[in-house]
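Here is what each chain is made of, one letter per residue.
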Amino acid sequence: MSTIFDLRITVQPEHIDVLGHVNNVMYIQWMQDVAAAHIERLGLGLAQYLELKHAMVAVEHHVQYRKATLQGEEVILRTWLDDINALYSFRQYAFYRPKDQSILFVGNTKWACIEITTGRPKRMSPSFTHAYQPIGSGLNPMDFSTLYE
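Residues numbered from 1 in each chain as written. Predicted model: local features only at pLDDT ≥ 70, side-chain atom pairs only at ≥ 80, totals over all residues. Heavy atoms only, no water.

An unreviewed UniProt entry annotates the protein as Acyl-CoA thioesterase of Acinetobacter modestus.

S.K.: Help me get a handle on the sheet that holds strand β3 (residues 74–84), residues and values and all.
M.R.: Pairing is antiparallel in the open sheet, where five strands are placed in the order β1-β3-β4-β5-β2. Either end of the sheet is taken by a strand with one partner, and the two such strands are β1 (5–10) and β2 (54–65). The average angle at which neighbouring strand axes cross in this sheet is 25°, direction not considered. Relative to strand β4 (residues 88–97), β3 is paired through eight bridges, and the arrangement is antiparallel. From the neighbouring strand, Ile76 faces β4, where its bridge partner is Tyr96. Contacting β1, β2, β3, β4 and β5 (102–115), helix α1 (residues 24–41) crosses the sheet at an angle of about 115° to β4. (Pairing = 2+ DSSP bridges. Helix = DSSP H or I, 4+ residues; strand = E, 2+ residues; numbered from the N terminus. Axes fitted to C-alpha atoms, helices over the stretch in contact; angles between N-to-C directions. Contact = heavy atoms within 4.5 Å.)

S.K.: Residue-level account of the layout of surface pockets, with values.
M.R.: Each pocket or cavity is described by its volume, and for the largest pocket that value is around 220 Å³. As for the largest pocket, its lining consists of 15 residues, of which Ala36, Ile39, Tyr49, Met56 and Trp111 are closest to the centre. Among the elements of the structure, α1, α2 (46–52), β2 and β4 are those that each provide at least two residues to the lining of the largest pocket. With five residues, the single largest contributor to the lining of the largest pocket is α1. Each residue belonging to the lining of the largest pocket can be placed in one class, and the counts come to ten nonpolar, three polar and two charged. (1 Å grid on protein atoms, 1.4 Å probe; cavity = no way out; pocket = protein on both sides within 12 Å on 5 of 7 lines; lining within 4 Å. Points joined across faces, edges and corners; volume = space filled by probe spheres on them. Nonpolar A, V, L, I, M, F, W, Y, C, P; charged D, E, K, R; others polar.)

S.K.: Any chance you could break down the nonpolar core for me, citing the residues and the numbers?
M.R.: Judged by nonpolar contacts, the single largest core of 29 residues is most densely connected at Trp30, Met56, Phe95, Phe128 and Tyr132. Element by element, the count of residues in this core is highest for α1, at seven residues. Beyond its immediate stretch of four places on either side in the chain, Phe95 contacts Tyr27, Trp30, Met31, Val34, Val75, Ile76, Leu77, Arg78, Ser102, Ile103, Leu104 and Phe105. By size, the runner-up hydrophobic cluster in this structure holds ten residues, among which are Ile4, Trp80, Ile135 and Tyr148. (Core = buried A, V, L, I, M, F, W, Y, C linked by side-chain atoms within 4.5 Å. Buried < 20%, exposed > 50% of the residue type's maximum accessible area, 1.4 Å probe, protein only.)

S.K.: Account for the pattern of salt bridges, naming residues and giving values.
M.R.: Applying the stated criterion across every chain, the model contains five salt bridges. Close ionic contact of Arg8 with Glu74 constitutes a salt bridge, the shortest N to O distance being 2.4 Å. Of this pair, Arg8 sits in strand β1 while Glu74 sits in strand β3, placing them 66 residues apart in sequence. Exposure remark for Arg8: the relative accessible area of 37% places this residue in the partly exposed category. (Salt bridge = Lys/Arg side-chain N within 4 Å of Asp/Glu carboxyl O.)

S.K.: Summarise the environment of His54; cite the residues concerned and give the values.
M.R.: With respect to the helices and strands, the residue His54 is situated in strand β2. Dropping the residues within four chain positions of it, His54 is found in contact with Tyr49, Cys113, Ile114, Glu115, Ile116, Lys122, Ser125 and Phe128. At 3.0 Å, the side chain of His54 and the backbone oxygen of Leu52 are in polar contact. (Polar contact = N/O pair within 3.5 Å; in protein donor to acceptor, adjacent residues only side chain to side chain.)

S.K.: Requested: an account of a nonpolar patch on the surface, with residues and values cited.
M.R.: Residues Leu46, Leu50 and Ile116 make up a contiguous nonpolar surface patch of roughly 280 Å² in combined accessible area. Assignment of secondary structure puts Leu46 in helix α2. The exposure class assigned to Leu46 is exposed, which follows from its relative accessible area of 53%. (Patch = residues over 30% accessible without salt bridge, like charges linked within 9 Å, V, L, I, M, F, W, Y side chains within 5 Å. Areas by Shrake-Rupley, 256 points an atom, 1.4 Å probe, with all protein chains shown as cover.)

S.K.: Account for the pairing of β5, with residues named and values stated.
M.R.: When you tally the buried positions in β5, you get eleven out of 14 residues, the bulk of the element. Both β2 and β5 contribute to a ladder of eleven bridges, which runs antiparallel. Opposite Ala55, over in β5, you have Ile114 as the bridge partner. If you look at the hairpin formed by β4 and β5, you'll find four residues sitting between the two strands, and Gln101 has a positive phi there, around 55°.

Next comes the structure, spelled out in structure tokens:
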């Protein structure tokens, strides 16, 4: 079974836009970063994708920006899987600022399984369906009193 995964970051100068806060595009990058770190932790990352000749690719994002994030702030990037079927997995995200206990951003991504050589949809192999399981019903991913690393 999969679980919640957290990645701590500190906002760097290159993340900041002309308005003095994190650029919206960075949140999408952070979604990718935390998802990639999570799949590596699950033991089914890029090296395994290449070996198995199929991979998960993002096909749809939904995002909600809640509060501005500033340079130097610590942010916890949290992700978890909440659903899976033969072709798709569904990943959720919540980015949290411990300093003021604020949820800064929430989002979700629909990921599709494809054959790497053709880019065509492919049913997930048992390796994928075993590793990419939704979190258990007893976990509350929006409760940041417990950190997962």
